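# Architecture at a glance
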Amino acid sequence: AWVMCVAMAMNLLGILFMPDLAIHQDEHYPAVKGFFWQKNIAGRALLLGVLCWLAVASARARRASSFAGFFFCAAGVLMTVSATATASLILVVLAFLTISAWERFSAPLRVMVVFGTLLALLASAPLFSQLSEGILVGTGRDITLTGRTYIWSGVIAEISSSAPYLGFGYEAFWTSKVAGASVLPWYGIGSSYVPPQAHNGIVQAYAAFGWLGVVAALFFFVSLLVRSLRAKDNSSNAIARSFAIPFSVYFFMINMTESEFLSYTSLIWAVAMYVYIALGNQRY
């Protein structure tokens, strides 16, 4: 948590003394990336700090500094203007508030809340689809999620026709000419951009390991959530109880538009594995 606050402080210093470096000078202007390579990476990292500070605050440890750290990191997330990080921030805070209220519910009331939420989501799905498109257009975002849907379509079509069961191998798809040949047509004539990843954890796993990778990714997401729910009800560690479920929501959301699953250079994937193993070894 403190490391992320230091990162945010460095971002602010960068804005004051090196704005050309700390602020995007391309099509993403005026998004703040600080000393991170790109705004989305900065948003995901600072959001991890938000999670940590919420967990510490819920344990009633250093309450004043915890909320100060939370708002400091949350401000950093908003400054990146990263749609994924901002949406994840909202969901993470909602998950945290839901967990806090959940502890006060009786068992029958919990069942009613779960089923009521599921029914509400199913009933509002068509409306949500229309609203989401309107929000994207109204905020200057395109419905392709900055070209991500093109990448997904190209990758899925290529893997489905050539290696649907075992994929191309770990990271092999993105180092081959096949990636460009399959993705570029979706961008249109004249485009030369070949992405280094699928910008979706499940699609990335599909490219690497085919359907085997998809099953592994879904199993990991579900089992991480299950272990988090068990920790919430049974763990003696207050911070673990408050961190696990919001982190599961955060990790799933991030992997909808970025590829953090099985990423060997990702701090977030390292934390996910630590949480997964730690919760598995937790004695209830």
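Numbers given to residues run from 1 along each chain, matching the order in which its sequence is written. Given that the model is predicted, a residue must reach a pLDDT of at least 70 before its local features are reported, and side-chain atom pairs must reach 80 or more before they are shown or counted; all residues, however, enter totals for whole chains, interfaces and linings. The basis for the side-chain values is all heavy atoms of the structure; hydrogens and waters are excluded.

## So, the overall build of the protein chain
Looking only at helices and strands, the protein chain has 11 helices and zero strands in total. The way it works is that DSSP assigns letters per residue, a run of H or I at least four long becomes a helix, a run of E at least two long becomes a strand, and they are numbered from the N terminus. Mapped in sequence order, the helices and strands of the protein chain form the string α-α-α-α-α-α-α-α-α-α-α. When each of the 284 residues of the protein chain is scored for burial, the buried share is 41%. By definition in these notes, contact holds between two residues if any of their heavy atoms fall within 4.5 Å. Within the protein chain, contacts between residues at least 6 apart in sequence are counted, and of these 64% link residues at least 24 apart. Accessible areas in this description were obtained via Shrake-Rupley with a 1.4 Å probe; residue shielding takes into account the shown protein chains only. About 15,300 Å² of surface is accessible on the protein chain, with carbon and sulfur atoms providing 71% of the total. Only protein chains enter the calculation, and the probe is 1.4 Å; a residue is then buried if its accessible area is under 20% of its type maximum, exposed if over 50%, and partly exposed in between.

## Brief notes about helix H1 (residues 2–17)
By definition here, a helix of n residues has an expected span of 1.5 Å times n minus one. Its 16 residues give H1 an end-to-end C-alpha distance of 22 Å, which sits within 8% of 22 Å, the value for a rise of 1.5 Å per residue. Met4, Cys5, Ala7, Met8, Asn11 and Gly14 are the residues of H1 that are buried. As for H1, its buried residues are in contact with helix H2 (19–22), helix H3 (39–58), helix H4 (63–79) and helix H11 (267–280).

## Describing the nonpolar core
The criterion is simple. A nonpolar core is a set of buried Ala, Val, Leu, Ile, Met, Phe, Trp, Tyr and Cys residues joined through side-chain atoms within 4.5 Å. Judged by nonpolar contacts, the single largest core of 54 residues is most densely connected at Val50, Val155, Trp174, Phe220, Phe247, Tyr250 and Phe251. Per-element tally for this core: the top contributor is helix H9 (residues 201–234), with 11 residues. Setting aside its immediate chain neighbours within four residues, Trp174 contacts Ile151, Val155, Ala179, Pro195, Pro196, Gln197, Ala198, Gln204 and Ala207.

## Observations concerning the packing of aromatic side chains
Each Phe, Tyr or Trp ring, with Trp reduced to its six-membered ring, pairs with another whose centre is within 6.5 Å; inter-plane angles below 30 degrees give stacked pairs, above 60 give edge-to-face pairs, and intermediate values give tilted ones. The full count for this structure, using the stated rule, is 19 aromatic pairs. Here Phe220 and Phe261 contribute two aromatic rings whose centre-to-centre distance is 5.9 Å and whose plane-to-plane angle is 55°, an arrangement assigned as tilted. Here Phe261 lies in the loop between helix H10 (238–257) and H11 and Phe220 lies in helix H9, a separation of 41 residues in the sequence. Neither Phe220 nor Phe261 differs from the other in exposure class; each is buried. Among the aromatic residues, those joined into a cluster by ring pairs are Phe220, Phe221, Phe243, Phe247, Tyr250, Phe251, Phe252, Phe261, Trp269 and Tyr276. Definition used: whenever NZ (Lys) or CZ (Arg) falls within 6 Å of the ring centre and also within 35 degrees of the ring normal, the charge is taken to sit over that ring. Above the ring of Tyr276, the side-chain terminus of Arg227 is found at 3.9 Å from the ring centroid.

## Structural notes on the pattern of salt bridges
Salt bridges are identified by distance alone: a Lys or Arg side-chain nitrogen within 4 Å of an Asp or Glu carboxyl oxygen. Counted according to the given criterion, the structure contains three salt bridges. Note that Glu258 and Arg44 form a salt bridge whose closest N and O atoms lie 3.7 Å from each other. Highlighted residues: Glu258 in the loop between H10 and H11 and Arg44 in helix H3, separated in sequence by 214 residues. Neither residue differs from the other here; Glu258 and Arg44 are each classed as buried. Residue Arg44 is joined to Glu260 by a salt bridge in which the shortest nitrogen-to-oxygen separation is 2.7 Å. In this pair, Arg44 sits in helix H3 while Glu260 sits in the loop between H10 and H11, placing the two residues 216 residues apart along the sequence. The network of salt bridges with shared partners includes Arg44, Arg148, Glu258 and Glu260.

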